[in-house]
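Commentary on secondary and tertiary structure
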Amino acid sequence: MSIVLARIDSRLVHGQVLEAWVPYVEADCIVVANDDVAGTSFQCMVMQAAVPSSIKLIISTLEETASILNSADLLKRRVLLLFANSGDALKACRLGISFKKLNLGNMHSSTGKDRYTCTIALDQQDIEKLQQVEDQGVTIVSQCVPADREQGWHKLIRSGGR
């Protein structure tokens, strides 16, 4: 198994992922790692309906994901790994899920979060969790779509939120 992209995207499976990222990284498998979504049959059904049959979709809890990614079923797959938030990415690292780079895609604004780009809003907890992920040896970048230039996440933070 090869994780060709690990991405935080609060929307998880949506058009931007399917139409831009899947072809760009030539993924043939999408793994959604999120405890809440894995336990919600309606959300799972909607995502299943959106993903073309040529792409394998796995929706699992973070604990299950650690086992699934090491399964024989995924040995020859090119996996796009999706997290809903910084906490999921950190937990994945702590569970031994190995990825070299983490793409910050869409992290939507909510109360207490500062907006750093049009698609990324972070609070202090997000920043601390991302720092812990980085401390595990993961390079963290911001890149909304493949056509955008990658930007190191520290550059975002230095620019200050709005």
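For the structure itself, look to the data block above.
Let us look at the structure shown here. Bear in mind the structure is a predicted one, so any value in this text is a computation, not a measurement. (Residues numbered from 1 in each chain as written. Predicted model: local features only at pLDDT ≥ 70, side-chain atom pairs only at ≥ 80, totals over all residues. Heavy atoms only, no water.)

1. Notes on the packing of aromatic side chains
In the structure shown here, the tally under the stated rule is 2 aromatic pairs. With a centroid separation of 5.8 Å and an interplanar angle of 85°, the aromatic rings of tryptophan 21 and tyrosine 24 are classed as edge-to-face. On the criterion of helical spacing, the pair formed by tryptophan 21 and tyrosine 24 is a turn pair, its members being 3 residues apart in helix α1 (residues 15-25). The class of tryptophan 21 is buried, set by a relative accessible area of 1%. Ring centres 5.6 Å apart and planes at 45° place the aromatic pair phenylalanine 83 and phenylalanine 99 in the tilted group. With phenylalanine 83 in strand β4 (residues 78-83) and phenylalanine 99 in the loop between α5 (86-94) and β5 (101-106), this pair connects stretches of sequence that are 16 residues apart. (Phe/Tyr/Trp six-rings, centres within 6.5 Å; stacked < 30°, edge-to-face > 60°. Helix = DSSP H or I, 4+ residues; strand = E, 2+ residues; numbered from the N terminus. Buried < 20%, exposed > 50% of the residue type's maximum accessible area, 1.4 Å probe, protein only.)

2. Details of the packing of α5 against helix α6 (residues 124-135)
To describe two helices that pack against each other, one gives the angle between their axes and the distance between the axes. Between α5 and α6, the shortest axis-to-axis distance is 9 Å and the interhelical angle comes to 25°. With respect to α6, the element α5 is oriented roughly parallel. When you trace α5 past α6, the crossing you get is left-handed. Residues Ser86, Gly87, Ala89, Leu90, Cys93 and Arg94 of α5 touch α6, and the partners they reach there are Asp126, Lys129, Leu130, Gln132 and Val133. Across the contact of α5 with α6, the residue classes break down as 5 nonpolar, 3 polar and 3 charged. (Axes fitted to C-alpha atoms, helices over the stretch in contact; angles between N-to-C directions. Parallel < 35°, antiparallel > 145°, perpendicular 65-115°, else oblique. Left-handed = near helix turned anticlockwise from the far one by under 90°. Contact = heavy atoms within 4.5 Å. Nonpolar A, V, L, I, M, F, W, Y, C, P; charged D, E, K, R; others polar.)

3. What to know about the pattern of salt bridges
Across all of its chains, the model carries 5 salt bridges by this definition. Arginine 7 is the partner of aspartate 9 in a salt bridge, and the nearest nitrogen-oxygen pair spans 3.1 Å. The closest approach of N and O atoms between lysine 91 and aspartate 35, which form a salt bridge, is 3.4 Å. Here the residue lysine 91 occupies a position in helix α5, and aspartate 35 occupies one in helix α2 (residues 35-38), the gap between them amounting to 56 residues. Under the relative-accessibility criterion, aspartate 35 is labelled partly exposed at 34%. (Salt bridge = Lys/Arg side-chain N within 4 Å of Asp/Glu carboxyl O.)

4. Side note on the nonpolar core
One finds Leu81, Phe83, Phe99, Leu102 and Leu104 to be the most contacted residues of the largest nonpolar core, which totals 32 residues. Beyond its immediate chain neighbours, meaning those up to four positions away, phenylalanine 99 contacts Ile3, Ala6, Leu81, Phe83, Ala89, Ala92, Cys93 and Val138. Formed by 21 residues, the second largest nonpolar core is a distinct cluster that contains Val17, Leu18, Leu57 and Leu82. (Core = buried A, V, L, I, M, F, W, Y, C linked by side-chain atoms within 4.5 Å.)

5. Some remarks on the pairing of β4
Summarising burial for β4: 5 of the 6 residues are buried, a large majority. As judged from the 4 bridges shared by strand β2 (residues 29-33) and β4, these two strands associate in the parallel manner. When the bridges of β4 are listed, valine 32 appears paired with leucine 82. (Pairing = 2+ DSSP bridges.)

6. Some words on unusual backbone geometry
Look at leucine 12: it is not a glycine, yet its phi comes out positive at around 60°. On the secondary structure map, leucine 12 appears in the loop between β1 (2-9) and α1. A positive phi is found at glutamate 26, a non-glycine position, where the angle reads about 55°. One can find glutamate 26 in the loop between α1 and β2. Assessed through its relative accessible area of 56%, glutamate 26 is described here as exposed.

7. A few points about the side chain of threonine 117
Mapping threonine 117 onto the fold places it in the loop between β6 (114-115) and β7 (121-122). Among the polar contacts made by the side chain of threonine 117, one reaches the main-chain amide nitrogen of isoleucine 120 at a distance of 3.0 Å. (Polar contact = N/O pair within 3.5 Å; in protein donor to acceptor, adjacent residues only side chain to side chain.)

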